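# Chain and residue survey
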Amino acid sequence: MGSPVVANPPLSTPQVAQTDVVPPRAPTHRWLIAATVATVGLLSIGAAVGWVWHPAQNPSWALAAVIGAIVSLSGLLTAIRQHRLGVDVIALMALISAVAIGELFAAAVLAVMLSTGGLLEAYATSRAQRDLSLLTSRAPTFARVIGAAGVEVVPVSQVTAGDELILAVGDIVPVEI
């Protein structure tokens, strides 16, 4: 192991990648937030003024349905680009069918469900990516190996099966056990 030998390595030997650096967040999905707020608002407005229009002619619900169709179509196009089809196809068909038979309230409810579902999925994906980035950033980069000449600080990539390691209090085990 061509690394320098350290007689008594200090406990502050850099063993972990920087943990105080927070990885950048995934891009925000402001359009999904706007779509969710718009569909919920339009559904509520349509319910509040429902006594003015016949339910089949309520423009608030129709507009909410259009926004929901855009959200669903966006999800469907993303799924097609990634070669995976899911419930986006069914959701879009249900939304189009509700509009086709004149059930604008049902279409507006579907639009709210689609936009909130897309927003929750985007949030969960962003959160998972951020947490995994933080976890991998804590991976040790060095290990203290007991060799014939004493304790050596070596890169983790040079640790082999059978090497004896020294761990200080609070260290993260630098290799799989």
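Residues numbered from 1 in each chain as written. Predicted model: local features only at pLDDT ≥ 70, side-chain atom pairs only at ≥ 80, totals over all residues. Heavy atoms only, no water.

### Things to note about the overall build of the protein
- Of regular secondary structure, the protein possesses 4 helices and 4 strands.
- Per-residue burial over the protein gives 28% buried out of 177 residues.
- Nonlocal contacts in the protein, meaning residues at least 24 apart in sequence, comprise 60% of its contacts between residues at least 6 apart. (Helix = DSSP H or I, 4+ residues; strand = E, 2+ residues; numbered from the N terminus. Buried < 20%, exposed > 50% of the residue type's maximum accessible area, 1.4 Å probe, protein only. Contact = heavy atoms within 4.5 Å.)

### Details of the confidence of the model for the protein
- On average, residues of the protein carry a pLDDT of 78, and 79% of them reach 70 or more.
- Taken as a whole, residues 1-27 scores under 50 in pLDDT and shows 54 contacts with residues more than four places along the chain or in a different chain. (pLDDT = per-residue confidence, 0-100.)

### So, a nonpolar patch on the surface
- Among the surface-exposed residues, L73, L77, I80 and L85 lie close enough to one another that they form a single nonpolar patch of about 380 Å² accessible area.
- Within the secondary structure, I80 is located in helix α2 (residues 59-81).
- Among the residues examined, I80 registers a relative accessible area of 46% and is labelled partly exposed. (Patch = residues over 30% accessible without salt bridge, like charges linked within 9 Å, V, L, I, M, F, W, Y side chains within 5 Å. Areas by Shrake-Rupley, 256 points an atom, 1.4 Å probe, with all protein chains shown as cover. Salt bridge = Lys/Arg side-chain N within 4 Å of Asp/Glu carboxyl O.)

### A word on the layout of surface pockets
- Computed from the structure, the largest pocket encloses a volume of approximately 640 Å³.
- Every residue lining the largest pocket is counted, 25 residues in all, and those nearest its centre are L32, G75, T78, G118 and E121.
- When residues of the lining of the largest pocket are traced back to their parent elements, those giving at least two are α1 (30-48), α2, α3 (87-100) and α4 (104-137).
- The element best represented in the lining of the largest pocket is α4, accounting for 9 residues. (1 Å grid on protein atoms, 1.4 Å probe; cavity = no way out; pocket = protein on both sides within 12 Å on 5 of 7 lines; lining within 4 Å. Points joined across faces, edges and corners; volume = space filled by probe spheres on them.)

### Quick notes on α1
- The terminal C-alpha atoms of α1, which comprises 19 residues, lie 27 Å apart, in line with the 27 Å expected from a rise of 1.5 Å per residue.
- Among the residues of α1, those classed as buried are L32, A35, T36, T39, L42, L43 and G46. The buried residues of α1 occupy an angular sector of 140° when the element is viewed end-on, so they sit on one face. Set apart from the buried face of α1 by more than 90 degrees, the exposed residues are R30, V37 and A48.
- On its buried face, α1 sits against α2 and α4. (Expected span 1.5 Å × (residues − 1). Arc of directions from axis to C-beta.)

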